[in-house]
Amino acid sequence: QVLRVESGGGLVQAGGSLRVSCAASDRTFSSYHMGWFCQAPGKEREFVAAINWSGGRTHYADSVKGRFTISRENAKSTGYLQMNNLKSEDTAVYYCALRPGLFRDLESPRSYDYWGQGTQVTVSS
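Quick look at the structure, then. (Residues numbered from 1 in each chain as written. Predicted model: local features only at pLDDT ≥ 70, side-chain atom pairs only at ≥ 80, totals over all residues. Heavy atoms only, no water.)

Following the criterion strictly, the structure yields 6 aromatic pairs and no others. With 5.1 Å between their ring centres and 80° between their planes, Phe37 and Tyr112 make a pair best called edge-to-face. A residue pair is termed long-range when its members are at least 10 positions apart, and Phe37 in strand S4 (residues 33-39) and Tyr112 in the loop between strand S9 (92-99) and strand S10 (114-115) qualify at 75 residues. Every member of this aromatic cluster is reached through a ring pair, and the members are Phe37, Phe47, Tyr95, Tyr112 and Trp115. When the ring centre of Trp115 is taken as reference, the NZ or CZ atom of Arg45 above it lies at 4.8 Å. One residue, Arg72, lies across the ring of Phe29, its end atom 4.4 Å from the ring centre. (Phe/Tyr/Trp six-rings, centres within 6.5 Å; stacked < 30°, edge-to-face > 60°. Helix = DSSP H or I, 4+ residues; strand = E, 2+ residues; numbered from the N terminus. Lys NZ or Arg CZ within 6 Å of the ring centre and 35° of its normal.)

A few words now on the state of the cysteines. In total, this model carries 1 disulfide according to the counting rule given. The disulfide bridge from Cys22 ends at Cys96, spanning 2.0 Å between sulfur atoms. Across the S-S bond linking Cys22 and Cys96, the dihedral sits near 60°, which makes this disulfide right-handed. Of this pair, Cys22 sits in strand S3 (residues 18-24) while Cys96 sits in strand S9, placing them 74 residues apart in sequence. The class of Cys96 is buried, set by a relative accessible area of 0%. Cysteine Cys38 shares no disulfide, and the gap to the nearest cysteine sulfur, in Cys96, comes to 13 Å. (Disulfide = S-S within 2.5 Å. Buried < 20%, exposed > 50% of the residue type's maximum accessible area, 1.4 Å probe, protein only.)

See the structure below:
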């Protein structure tokens, strides 16, 4: 399973919006739960959001609740992270990841088997 972060990263002013997408290489994408993580310079990779295989359940980090929305389109083997009301502290490289099995332990990067290459999101204040 190969993940490719297709588009959406870039530079935006505080208060603005971006949508990042993540495409998988094959249709087994629909059998995995998907997560998004971010990593700022000098910091550990942090959990942002997760969605279960069907799209019916989601989980968010407290820091992004009400601002970010995770979604997926299994027919396209693609997942999304819509980021609204961006803040300077959201500046980081954003990674998508896939996790098999149960929809739990979602906030640990070690729970995920496949990772995208990451895309830079920079929010200017």
